[in-house]
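Architecture at a glance
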Amino acid sequence: IPNAVANELKAKKHLGIHTEMFTETMVDLIECGAVDNSRKGFCDGYSVASFTMGSQRLYDFLHNNPTVLFKSCTFSNDPWTIAKNNKFVSINATLEIDLTGQCCSESVGHVQFSGSAETVQGSQMSPGGKSILAMHATYTDREGKLRSKIVPFLAKGAVVTTSRNDVDYVVTEYGIAKLWGRSLKERARALISIAHPDFRPMLAEEYEKRFGRPLD
């Protein structure tokens, strides 16, 4: 997802980087002039990151580069640090989201996977900031069966990484659902609209059970 997003930002100007992982396409954004870190409002002139992984080209770019500032995760991921940036936009993936907007990004059932909520929180405190949760609408399980990531209820043992009160935008290949400030019914309708079409009838049935009326 970070690489896909970066490829779409090359026509922008005066972007800034404050991230946990510095990726290959961030080099592209800097070299094409989209990123100059001039208007961040915090650590102006620097791309801030905690770690990196990639090609030799990436490492050569970062080696002794005075414009890239590597700090610990306790600094880069601190919501209060993030909030010092102007118009901070966080883009995170999630593994599963229920119809109320609760997101699980840390576990597959009981099994620890990954995930972090700090950038979501930091973006909300940033002047003009917003958060985006981007994901595929489906996944294929170990038996080769297609499953929806938008579900009536999170899986047993799932960790709520991002509470429904903190979720702003959710994006799949089928569209965008803005959840911030919406009622539970509105959230459910918005999420069903960006689910895979094969799973919308099941989700609509759950909507009717939960709210006592058919999906509009």
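Residues numbered from 1 in each chain as written. Predicted model: local features only at pLDDT ≥ 70, side-chain atom pairs only at ≥ 80, totals over all residues. Heavy atoms only, no water.

Describing the side chain of Asp141
Keep this limit in mind: Elements are defined by DSSP. Helices are runs of H or I of four residues or more, strands are runs of E of two residues or more, and each kind is numbered from the N terminus. Burial classification: accessible surface area is computed with a 1.4 Å probe over protein chains only, and a residue below 20% of its type maximum counts as buried, one above 50% as exposed, and the rest as partly exposed. N or O atoms closer than or at 3.5 Å make up a polar contact, with two conditions inside protein: a donor-capable atom paired with an acceptor-capable one, and, for residues adjacent in sequence, both atoms drawn from side chains.
By the secondary structure assignment, Asp141 is in the loop between β11 (138–140) and β12 (146–148). Under the relative-accessibility criterion, Asp141 is labelled buried at 15%. Within the structure, the side chain of Asp141 is placed 2.9 Å from the backbone nitrogen of Glu143, a separation counted as a polar contact.

Re the sheet that holds strand β5 (residues 89–92)
Rules: By definition, two strands form a pair when at least two bridges between them are found by DSSP. Fitted lines through C-alpha atoms give the axes, limited to the stretch in contact for helices. The angle between two N-to-C directions lies from 0 to 180 degrees. Contacts between residues were defined by any pair of non-hydrogen atoms, one from each residue, lying within 4.5 Å.
Reading across the sheet, the 4 strands line up as β5-β10-β14-β15 and stay open at both edges, with mixed pairing between neighbours. In this open sheet, the two edge strands, each paired with only one partner strand, are β5 and β15 (175–178). Taken over all neighbouring pairs, the strand axes of this sheet differ in orientation by 20 degrees on average, direction set aside. Along the sheet, helix α6 (residues 118–125) contacts β5 and β10 (130–134); its crossing angle with β5, the most-contacted strand, is approximately 160 degrees.

Some words on unusual backbone geometry
In the Ramachandran plot, Asn64 falls in the positive-phi region, its phi being about 55 degrees despite a non-glycine side chain. Mapped onto the secondary structure, Asn64 falls in the loop between α3 (56–62) and β4 (68–70). The backbone of Lys87 shows a phi angle near 50 degrees, a positive value even though the residue is not glycine. Checked against the element boundaries, Lys87 lands in the loop between α5 (79–82) and β5.

Digging into the packing of aromatic side chains
As a reminder, the rule being used: Each Phe, Tyr or Trp ring, with Trp reduced to its six-membered ring, pairs with another whose centre is within 6.5 Å; inter-plane angles below 30 degrees give stacked pairs, above 60 give edge-to-face pairs, and intermediate values give tilted ones. For a ring to carry a charge above it, either NZ of a lysine or CZ of an arginine must fall within 6 Å of the ring centroid while also lying within 35 degrees of the normal to the ring plane.
Tallied over the full model, the rule gives 3 aromatic pairs. For the pair Tyr207 and Phe211, a centre-to-centre distance of 4.8 Å together with 55 degrees between the ring planes defines the contact as tilted. One end of the pair is Tyr207 and the other is Phe211, both in helix α8 (residues 200–211) and 4 residues apart, which spans about a single turn. One cation-aromatic arrangement involves Lys178 over Tyr169; the distance from NZ or CZ to the ring centre is 4.3 Å. Lying over the aromatic face of Tyr174, Arg200 brings its terminal NZ or CZ to 5.7 Å of the ring centre.

Observations concerning the layout of surface pockets
Definition in use: A cavity, in this analysis, means grid points on a 1 Å lattice covering only the protein atoms where a 1.4 Å probe fits yet has no way out; a pocket is instead an open set bounded by protein on both sides within 12 Å along at least five of seven lines, and a residue lines either one if it has an atom within 4 Å of a point. Grid points are joined across faces, edges and corners, and a volume is the space filled by probe spheres set on the points. For this classification, the nonpolar set comprises Ala, Val, Leu, Ile, Met, Phe, Trp, Tyr, Cys and Pro, the charged set comprises Asp, Glu, Lys and Arg, and every other residue, Gly included, is treated as polar.
Computed from the structure, the second largest pocket encloses a volume of approximately 380 Å³. As for the second largest pocket, its lining consists of 15 residues, and the residues nearest its centre are Ile1, Val5, Ile132, Ala134 and Val171. Where the lining of the second largest pocket is concerned, the elements lending two or more residues are α1 (2–7), β10 and β14 (169–172). Considering each element in turn, the lining of the second largest pocket owes the most residues, 3 residues, to β14. In terms of residue class, the lining of the second largest pocket is built from 11 nonpolar, 2 polar and 2 charged.

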